[in-house]
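Coordinate analysis (summary)
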Amino acid sequence: MSWLEVENLTLTFGGLKAVDNLSFSVEPDTVYTIIGPNGAGKSTVFNLICRIYDPVAGDVRLGGESLLSAKPHQIVRRGIARTFQNIELFEHATMLENLLIGRHSRDGFKPLRELFFAGGQLEQELAHRRKAEEVIEFLDLQAHRHARVSDLPYGIRKKIEIARALVAGPELLLLDEPSSGLTTEETADIAFWIEDIKADLGITVVMIEHDMKLVNKVSDKVLAIAEGRFLAEGTAAEVQDNQDVQHAYLGTGHD
Ligand SMILES: Nc1ncnc2c1ncn2[C@@H]1O[C@H](COP(=O)(O)OP(=O)(O)OP(=O)(O)O)[C@@H](O)[C@H]1O
């Protein structure tokens, strides 16, 4: 049994099959990358794993347990955190404030506990702060702790988006196009951090990515999809050599 199992997953939007009977599985402590042309269904797969959408068929299991009974806000507590293709941070808050919000998303808002158990609340706040500081140090973001996110360069904001996901303490991190909008140098930097997240934090990474240099560098396994369907799976080199994959990218169609 694999750790993350996606089985016969299907989702339609109107008449369009965005994800079509897709199955794959991910082993723990690996980087698993999903590639595919624009509109292939990659982000929809993430949205299905995070319970934003209900599949019309199929299942998603983590550690043998189906995620389909979970509500979107419970996904973080099931050990999953994600980043977005377009950065989704509170632009007018500081980096630290953004990280603390990311941490709170794990526990949810509990007004009664806040009223009656103020002592425990304080301890929890301190634990949140410690976790945020741990991630700040890990990603070498100390210089930006109190900077307003809107004042920071795009490359740093992209890294803060990863930090926001990490403070939730995930076992599975979903990265949606971590290199988009980054320079070649910044992309090389992100590759380094992804490798450290796997090796030093023991977090399994599932990544959607277009930049094949980054894919080649960090992926243990690559899945190619097109029109919501499985095309090929293997090492980055094997998948890039696959004829169906090449045809899908060239847009020449395939049988
Ligand atoms: N909420 C939605 N309503 C209707 N159609 C949608 C919706 N979300 C996605 N789609 C369609 O589903 C298909 C898959 O979209 P998706 O965003 O998952 O592709 P993708 O592989 O992530 O693409 P890209 O690489 O361009 O981000 C596309 O045809 C898209 O237009």
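Residues numbered from 1 in each chain as written. Predicted model: local features only at pLDDT ≥ 70, side-chain atom pairs only at ≥ 80, totals over all residues.

If you look the protein up in an unreviewed UniProt entry, it shows as ABC transporter ATP-binding protein from Sulfitobacter alexandrii.

With that settled, consider the sheet that holds strand β2 (residues 16–26). Ordered in space as β2-β1-β4-β5, the four strands form an open sheet in which the pairing is antiparallel. Lying at the two open borders of the sheet, with one neighbouring strand each, are β2 and β5 (65–66). As defined by bridge partners, strand β1 (residues 4–13) adjoins strand β4 (residues 57–62) across five bridges and the pair is classed as antiparallel. Directly across from L4, in β4, lies its bridge partner L62. Seen against the sheet, helix α1 (residues 42–49) touches β1, β2 and β4 and runs at an angle of roughly 65° to β2. (Pairing = 2+ DSSP bridges. Helix = DSSP H or I, 4+ residues; strand = E, 2+ residues; numbered from the N terminus. Contact = placed C-beta atoms within 7 Å. Axes fitted to C-alpha atoms, helices over the stretch in contact; angles between N-to-C directions.)

Strand order in this open sheet of six strands is β6-β7-β8-β3-β9-β10, and the pairing throughout is mixed. Among the strands making up the open sheet, the edge pair consists of β6 (80–82) and β10 (229–234). Recorded for the sheet is a direction-independent mean angle of 20° between the axes of neighbouring strands. Here strand β9 (residues 221–226) runs beside β10; their pairing, made up of five bridges, is antiparallel. When the bridges of β10 are listed, V222 appears paired with G234. Here α1 sits on the sheet and contacts β3 (31–35), β6, β7 (172–176), β8 (204–208) and β9; the angle it forms with β7, its principal contact strand, is near 150°. Helix α9 (residues 243–250) contacts β9 and β10 of the sheet and is inclined by roughly 130° relative to β10.

Let us look at the nonpolar core. Of all hydrophobic cores here, the largest spans 66 residues; its most connected members are A163, L173, L174, V205, A224 and I225. Counting contributing residues per domain, this core is built from domain 1 (1–79 + 172–255) and domain 2 (89–169), each supplying no fewer than three. Contacts of I225, omitting those with residues within four sequence positions, involve L22, I34, G36, A40, G41, K42, F230 and L231. (Core = buried A, V, L, I, M, F, W, Y, C linked by C-beta atoms within 7 Å. Buried ≥ 20, exposed ≤ 12 C-beta atoms within 10 Å, placed from the backbone. Domains from an automatic or database assignment.)

Often the size quoted for an interface is simply the accessible area lost on bringing the parts together. By domain assignment, the protein separates into domain 1 (1–79 + 172–255) and domain 2 (89–169). Residue composition of the side of domain 1 that touches domain 2, grouped by class: five nonpolar, two polar and two charged. (Nonpolar A, V, L, I, M, F, W, Y, C, P; charged D, E, K, R; others polar.)

Here we come to the environment of R229. Assignment of secondary structure puts R229 in strand β10. Overall, the presence of 17 C-beta atoms within 10 Å leaves R229 in the partly exposed class. Placed 167 residues apart in sequence, R229 and L62 show a C-alpha to C-alpha distance of 21 Å. Beyond its immediate chain neighbours, meaning those up to four positions away, R229 contacts D20 and L22.

Next up on the list: the site of the ligand. Residues in close proximity to the ligand include F13, L16, A18, G36, N38, G39, A40, G41, K42, S43 and T44, which together make up its full environment. Ranked by the residues each element gives to the shell around the ligand, the list is headed by α1, at three residues. Grouping the constituent residues of the shell around the ligand by class yields four nonpolar, six polar and one charged. (Near = placed C-beta within 6 Å.)

All right, on to the environment of L68 then. Inspection of the secondary structure puts L68 in the loop between β5 and β6. Judged by the 13 C-beta atoms lying within 10 Å of it, L68 falls in the partly exposed class. Apart from the residues within four sequence positions on either side, L68 is in contact with D59 and V60.

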